[in-house]
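A closer look at the structure
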Amino acid sequence: MTPSALDRLDQIAAATNDARLAIFLDYDGTLTPIVRRPERAVLSNSRREILRMLVANMPVAILSGRDLEDVRRRVDVEGILYAGSHGFDIAGPRGLRKQVATDFLPILDAVEKELKQKLADIHGALLERKRFSIAAHYREVTDQSLPQLEQAVNETAAHHRELRKMASKKVHELQPNIDWDKGKAVLWLLEVMGSESREIFPIYIGDDLTDEDVFRAIKQRGVGIVVSEQPRPTAARYALKNPTEVERFLRQIAARML
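Residues numbered from 1 in each chain as written. Predicted model: local features only at pLDDT ≥ 70, side-chain atom pairs only at ≥ 80, totals over all residues. Heavy atoms only, no water.

Before going further, it helps to spend a moment on the sheet that holds strand β3 (residues 81-84). Strand order in the open sheet formed by eight strands is β5-β4-β3-β2-β1-β10-β11-β12, and the pairing between neighbours is mixed. Edge positions in the sheet fall to β5 (96-99) and β12 (238-240), since each has one partner strand and no second. Averaged over all neighbouring strand pairs, the angle between strand axes comes to 15°, with direction disregarded. Across four bridges, the pairing between strand β10 (residues 200-206) and strand β11 (residues 223-227) is parallel. Note that in β11 the partner of Tyr204 across the bridge is Gly224. The strands touched by helix α3 (residues 68-75) within the sheet are β2 (60-63), β3, β4 (89-92) and β5, with β3 carrying the most contacts at an inclination of about 140°. Along the sheet, helix α6 (residues 182-193) makes contact with β1 (20-25), β2, β3, β4, β5 and β10, crossing β1 at roughly 150°. (Pairing = 2+ DSSP bridges. Helix = DSSP H or I, 4+ residues; strand = E, 2+ residues; numbered from the N terminus. Axes fitted to C-alpha atoms, helices over the stretch in contact; angles between N-to-C directions. Contact = heavy atoms within 4.5 Å.)

Next up, the structure:
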């Protein structure tokens, strides 16, 4: 069983070895609870407060499957580095900007129309177009209709090999099929944050399967923390149960490090 990050705070603090700490966070399921509809995932004032406290003293980045502008608006904290669309769209202070796979936008436009038609008669299906991906949410789809939705997504993915299908919590997502993911995005951000005088030690906290790419990418140079109520296979070193525990952990890290 993956040990609790709250029980291993001394161990985590010691692992930084006087390096400069950087905090990386997912949004849905990490800073906010998973909700039935994406628009209802609202960041609490207390969590916004701790993010402001952290970013005043260390680099903080939020990586989300949401569109960049969506997650930036929901968090609304100056100085944070934001990465939307699972790291395909990055922005930060002092004009920092990186977009990956902009040449895929026409393909995504065409696939969005195709999948919208296929899902039109499936009650509860929610098709969400993000700038660099297309998400088919099925949290409100009945068990009887779920095979129809999965068939529609699988057929669409098979016809468009330029895109890859990703499975997440109650959502199938199509995104550009290139060598880029959240893990690559975090490594790029670490280079941007890098300082000749002081090494960066990253802590990444996330609940999604896409966050496993980050846990693997930073395993030798930082700490990965998975957010999950139930034990699950993970490349993360530690675990937290829910966003409430994430907030407790961030407050305790802030108290120790600031």
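Next comes the rest of the account.
With 45 residues, the main nonpolar core has Phe24, Leu63, Val186, Leu189, Met193 and Tyr204 as its most contacted residues. With 39 residues, the next largest nonpolar core counts Ala41, Tyr82, Val246 and Ile253 among its residues. (Core = buried A, V, L, I, M, F, W, Y, C linked by side-chain atoms within 4.5 Å. Buried < 20%, exposed > 50% of the residue type's maximum accessible area, 1.4 Å probe, protein only.)

Before going further, it helps to examine the sheet that holds strand β8 (residues 163-168). Reading across the sheet, the four strands line up as β6-β7-β9-β8 and stay open at both edges, with antiparallel pairing between neighbours. The sheet is open, and its two edges are formed by β6 (126-130) and β8, each paired on a single side. With strand direction ignored, the average angle separating the axes of adjacent strands in the sheet is 20°. As defined by bridge partners, β6 adjoins strand β7 (residues 133-137) across five bridges and the pair is classed as antiparallel. Bridge pairing in β7 links Lys130 to Ser133. On top of the sheet, helix α4 (residues 105-119) reaches β6, β7, β8 and β9 (171-176); it is set at about 170° to β6, its chief contact. On top of the sheet, helix α5 (residues 146-159) reaches β7, β8 and β9; it is set at about 10° to β9, its chief contact.

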